[in-house]
Amino acid sequence: MDTTSKNNDRSGYHLWIALIVLVGGGFMLLAYVLWSAYQDVWVEARSVAVSQSDLLEARFDSTLRRVEATLDDLAERTSVDAFRAEASSRFRPRIEKELERSQQAFPEVAGFRVIDAQGDVLYRSGGGDYVNLADRSYFRIPKEKADAGIVFSEVITSRITGRPTIAAAKAVRSADGRFLGVASAAIELTYFEDLFKAVRLGPGAVLGIRRSDQHALVVRYPSIPTATNQPLDPLNPIVQAVQGGERRGVLELMAQTDGIPRVYAFRVLDRYPFYVVAALSKDDVMGPWRQRALLVGSLGGGMLVCLAMVVVSLYRSQRREHTVAQELLVNDERLTAAQRIAQIGSWEIELPGHHVRCSNELYRIFEISQGADGSPYADFFARVHPDDRETVDKALQDAIATRQPTSWEHRLLMPDGRIKHVLECCETVYAGDGTPLRVTGTSQDVTSQQEMLSSMQLLASAVQFSGEAILITDVENKIITVNPAFTRLTGYEAVEAVGRNPRFLSAGRTTREEYAQLWASLNDRGFWQGEIWDRRKDGAVYPKWMSISVIRDDKGDIQYYVAHFTDITSERAAEERLHQIAHHDVLTGLFNRFSLKGHLDQALAAARRDGTRVALMFIDLDRFKGINDTLGHHVGDELLIEVASRLQDTVRESDVVARLGGDEFVIMLTGIEHATAVAQVAEKLVLSIGCSYQVGGFDLYTSPSIGIAIFPTDGQDGQTLMKNADAAMYHAKMVGRNNFQFFDQKMNDAAVDRLKIEHSLRQALANGEFRLHYQPVIDMPTGKVCGVEALVRWQHPEKGLLAPGRFIGIAEETGLIQPLGEWVLWAACRQLAEFKAAGLSGVRMAINISAIQMRNGNLPLLVRGIIEAYGLRAEELMFEITETVAMEQPTETVRILDLLHDMGISIAIDDFGTGYSSLSYLHMFPISHLKLDRAFVKEIGEDTDEAVICDATIGLAHSLGHKVVAEGVETTAQLEYLRRLGCDMVQGFLFSQPVPAEQVIDFIRSRNA
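Scoring rules and cut-offs
- Residues numbered from 1 in each chain as written.
- Predicted model: local features only at pLDDT ≥ 70, side-chain atom pairs only at ≥ 80, totals over all residues.
- Heavy atoms only, no water.
- Helix = DSSP H or I, 4+ residues; strand = E, 2+ residues; numbered from the N terminus.
- Buried < 20%, exposed > 50% of the residue type's maximum accessible area, 1.4 Å probe, protein only.
- Contact = heavy atoms within 4.5 Å.
- Areas by Shrake-Rupley, 256 points an atom, 1.4 Å probe, with all protein chains shown as cover.
- Core = buried A, V, L, I, M, F, W, Y, C linked by side-chain atoms within 4.5 Å.
- Pairing = 2+ DSSP bridges.
- Axes fitted to C-alpha atoms, helices over the stretch in contact; angles between N-to-C directions.
- Polar contact = N/O pair within 3.5 Å; in protein donor to acceptor, adjacent residues only side chain to side chain.
- UniProt positions renumbered as here; feature names shortened; annotations may be inferred.
- Parallel < 35°, antiparallel > 145°, perpendicular 65-115°, else oblique.
- Salt bridge = Lys/Arg side-chain N within 4 Å of Asp/Glu carboxyl O.
- Patch = residues over 30% accessible without salt bridge, like charges linked within 9 Å, V, L, I, M, F, W, Y side chains within 5 Å.

Caption draft 1: Looking closely at the overall build of the chain. A count of helical and extended segments in the chain gives 31 helices and 38 strands. By its C-alpha atoms, the chain is 190 × 125 × 65 Å across when sized along the principal axes. Put simply, the chain has 1009 residues, and 44% of those count as buried. A fraction of 57% describes how many contacts in the chain between residues 6 or more apart in sequence connect residues 24 or more apart. Entry remark: accessible area of the chain is about 52400 Å², with carbon and sulfur atoms responsible for 54%.

Caption draft 2: Region of the structure containing the nonpolar core. Core analysis: the biggest nonpolar cluster contains 78 residues, and Met845, Ile847, Leu900, Ile905 and Val986 have the highest contact counts within it. For this core, the leading source of residues is helix 22 (residues 817-837), giving nine residues. Discounting chain neighbours no more than four positions away, the residues touching Val986 are Pro776, Val777, Ile778, Met780, Ala966, Val969, Leu975, Leu978 and Phe991. Core analysis: the second largest hydrophobic core is formed by 57 residues, Leu99, Val109, Phe152 and Leu207 among them.

Caption draft 3: Structural detail: the sheet that holds strand 15 (residues 406-413). Spatial ordering of the open sheet is given by 14-13-12-17-16-15, a layout of six strands whose pairing is antiparallel. In this open sheet, the two edge strands, each paired with only one partner strand, are strand 14 (375-376) and strand 15. Pairing of strand 13 (residues 355-358) with strand 14, which is carried by two bridges, proceeds in the antiparallel orientation. For His355, the partnering residue across the bridge sits in strand 14 and is Pro376. Along the sheet, helix 9 (residues 389-402) contacts strand 12 (344-350), strand 15, strand 16 (419-430) and strand 17 (436-445); its crossing angle with strand 15, the most-contacted strand, is approximately 155°. Lying over the sheet, helix 10 (residues 447-465) contacts strand 15, strand 16 and strand 17, oriented at roughly 130° with respect to strand 16.

Caption draft 4: Structural view of unusual backbone geometry. A cis amide bond links Tyr221 with the next residue in sequence, Pro222, at an omega value of 0°. Following the sequence through the fold, Pro222 ends up in the loop between strand 8 (217-221) and helix 5 (237-243). Here Leu351 and Pro352 are connected by a cis peptide whose omega angle stands at 0°. Positionally, Pro352 belongs in the loop between strand 12 and strand 13. Positive phi values are uncommon outside glycine, yet Asn477 reaches one of about 65°. With respect to the helices and strands, the residue Asn477 is situated in the loop between strand 18 (469-474) and strand 19 (479-482).

Caption draft 5: Representation of the side chain of Asn592 within the structure. Its location among the elements puts Asn592 in the loop between helix 14 (569-583) and helix 15 (593-610). A relative accessible area of 14% means that Asn592 is categorised as buried. A distance of 2.9 Å separates a polar side-chain atom of Asn592 from the backbone nitrogen of Ser595. Residues contacting Asn592, with those up to four places away along its chain left out, are Ile581, Ala582, His583, His584, Asp585, Ala658 and Arg659.

Caption draft 6: Spotlight on the UniProt feature "domain: PAC" (unreviewed entry) in the chain. On the UniProt side, "domain: PAC" (unreviewed entry) is annotated at positions that read residues 406-458 and 528-580 here. As annotated, residues 406-458 comprises 23% helix and 57% strand, and the C-alpha atoms at either end are separated by 30 Å. Between the C-alpha atoms that bound residues 528-580 the distance is 31 Å, and the span itself is 23% helix and 57% strand.

Caption draft 7: Fine view of the sheet that holds strand 21 (residues 541-552). With antiparallel pairing, five strands are arranged side by side in an open sheet as 19-18-22-21-20. Across the chains shown, the open sheet's two edge strands, defined by having one partner strand only, are strand 19 and strand 20 (527-535). With strand direction ignored, the average angle separating the axes of adjacent strands in the sheet is 25°. By the bridge criterion, nine bridges tie strand 20 to strand 21 in an arrangement that is antiparallel. Each bridged residue has a counterpart across the sheet, and for Ile532 the counterpart in strand 21 is Lys544. Together, strand 20, strand 21 and strand 22 (558-567) form the strand contacts of helix 13 (residues 512-525), whose direction differs from that of strand 20 by roughly 155°.

Caption draft 8: The UniProt feature "domain: PAS" (unreviewed entry) in the chain, seen in detail. Mapped onto the present numbering, the UniProt feature "domain: PAS" (unreviewed entry) falls on residues 455-501. As a span, residues 455-501 carries 47% helix and 21% strand, and end to end its C-alpha atoms are 29 Å apart.

Caption draft 9: Highlighting the packing of helix 16 (residues 624-631) against helix 17 (residues 633-650). Close contact between helix 16 and helix 17 brings their axes to 6 Å; oriented N to C, the two are set at 140°. Considering the angle they form, helix 16 stands oblique to helix 17. Here Phe624, Ile627, Asn628 and Leu631 of helix 16 lie close against helix 17, whose contacting residues are His633, His634, Val635, Gly636, Leu639 and Leu640.

Caption draft 10: Layout of the environment of Ile238. Among the secondary structure elements, Ile238 is positioned in helix 5. Assessed through its relative accessible area of 5%, Ile238 is described here as buried. Once residues within four sequence positions are removed from consideration, Ile238 is found in contact with Leu251, Tyr264, Phe266 and Tyr275.

Caption draft 11: Representation of the pattern of salt bridges in the model. One pass over the full model with this rule turns up 45 salt bridges. Residue Lys170 is joined to Asp72 by a salt bridge in which the shortest nitrogen-to-oxygen separation is 2.5 Å. With a gap of 98 residues between them, Lys170 in strand 5 (residues 164-173) and Asp72 in helix 1 (residues 2-77) connect regions that are remote in the sequence. The salt bridge partner of Lys597 is Asp601, with a shortest N-O separation of 3.1 Å. Placement of both Lys597 and Asp601 in helix 15 is noted, with a separation of four residues, approximately one turn of the helix. Among the ionic contacts, a cluster of salt bridges with common partners joins Glu68, Asp72, Lys170 and Arg271.

Caption draft 12: Region of the structure containing a nonpolar patch on the surface. On the surface, Leu29, Tyr32, Val33 and Trp35 cluster together to form a nonpolar patch covering roughly 440 Å² of accessible area. With respect to the element layout, Tyr32 can be found in helix 1.

See below:
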């Protein structure tokens, strides 16, 4: 109602605004007409002023031109003799007669005069005396200025007529330029006043002539005698316009002489120093406009009175209509509010055109823009869900055909995808002849009811088909309903459970305290979840995860409890399996590193509290990698399982046995009183693990290297104990494996130093810190240098030059020996090429090859590439390998050595006699040299077994057709002994230490000179 009333009021306001605008527009139109007329009057006044100034200028300019022409003619016709005073009487009758004749042509001229050079009037017309005019300006200026032309005087009173005149004068000169006198004319200004009076411009109009050089007034109508010859103010707009070079113009200003506002039009004469002015006063110009304004104002006032009468009549009519409209609006708003509250829209379909007229609520329900005069039925039908359109169309047709009221329900599909549900009710109105005229009905939005019904059905289905068991109890905890999943889980049918307290399901494992916590959580928070144990109908006990929620009414009182639960037996089993995986080694079943840390931390805490000791044994299997690589990982895994079993059998059940990974194990002994007890356990471990193993049809052997660290002497925490036990284990390996070692500080220092060397070694190759030194090899028969052995050195940035013994072993363990060995190959071959370039020939380069390089099948390809890169011959190279390297994988070693030998490279067995040898394999290797180890050479000259071995080795090598190179020759006695045995080549400090390339070059040149 309020909205409709406001709309009606707004319509009334619009009517009044329209009337006000109409009245205002009318007055604005009148004002515009008056303003336009005002502008037209002023334009016309300016035009009149301009035309009058043009007429005055033409008349005045014509007079001056005729006067100037007459004076020029008079000057030409007057002879030179006539200007002599003594001859004037003779020429006067003729000349004055001509002057009188000329004056008759000029009504505006009072008379003409001829004046001699002294200023005396010689001849005249129009009367007057023969006086001297030498003091007059119009005489002096032409006399003094030869180029003065025609000269005009200020306004003067004529001596002839006594009236105001201006004199126009022109100089008369002889042929040689001598001044003879002046011819002048007196121009009557009253003539122009009479002329101005004849112009009818209004009582306030002004016509005048002023000098353009001084702006002095010459003549004015109406006349102001005191203003004659008075100049205008320099700031006067006319003065500024003329001085600015304007020849004509129109200005509106206040007159300087009488203070009356006028529109002025001025026109400057082209040849003479004058301009004319025509001015119309504002009062004269605006007189007709004021009359027109009075007439228009009278008409406007009459129209306003008439309009006021019309407005009053309209207002009274509008108030009557407004009262009726308000009553209709109230009724309409009541109906609209009722439809909105009930969400019911009314409609009417005209037949047969199917044009719909409806209430606003129907537009809101269908979400269609409201039409001014209804909307097409198709717009509403387009909102009907596609699946329901056939139903709606059929229902409407049946309602028309059956003549019975009908109703149906259908869906609406909104543009954004929302679905609405609508209940339609309608009946048909017919004409007297039975023709259907229209269908009227209502549409009610029942979406919320339908959604509520769907939600209830959904919740019921969710409970019914849920995979979790659900039960609902009342406020007294009596079961009201259960779902099928409850029956499947517990074995109890619904009829067996309804009405009972859920405690009949309990397995008896949940304590009273836990139940008390459950009820306290329900009362405080309205929710509880947790694990409890229940018993099925068949007696089986199982764990379940249960959640309980409280349902309260609007007052906050409890109405129901809803519980849902699932069997978590499989989850608990999976958790136990995950716990086993997380804390135990998958292969052996022993504790893993994570569990070991936990047990170690607990044991150390107890030891600190009780003042006892804890021993940590770090065990690494010797030569396990060879077994794993040769026989396969499955054999290695079986071996590790057997070792783990022996470790557990050897120690107490209270001791902890763990596998860290690979072949590394740790044993933690607690309650240790003396280190002797730890040593006894270690001895038992060495014996037990060292026994043979039957795995996969193989008889396998391995041994342990054990490092021992004891709390608190060897470390205060688990990390330190582990580190120190590891250091002790490495020491056990270094002293020969298959033993145990207790940790001391020297081991730790050695381990730290080894770690630093390993870290620096990784950067050394990239930083270019390696060097090659070369030790000469002397040919015994000739005494000359026949070759050099390339020996690597490390120029450590802190420790200085390091021998191979400090870092080669670490490089082999870390795998860095491969890139280091390749660098030695390239550097040695490059140096050999430089030897040749320096003129040294017949020198063979001996290079040591590591085990890792031998296992690299690409070694022959690498060597071939280096030889080709430096342009060497394969015969200039000798590769040295140790017996141990040769025998690690003899079959593969033979293959690699054969490829190298076929290329022409000599092969030597280094440190012969110190490693593991097999003469059968030795015979198979394509070797050409045996290098006698320095350990045997050192004992030459003494009655020892080593000397005997030295003799036998040389004899054996020669028998096999190999040459012998003796290493470590330091004395002359050793050299002579080897010479007697027929040794082929020697090297040692007796000749030269390993030295850089520059020094060895000098040595070779001096030795071979």
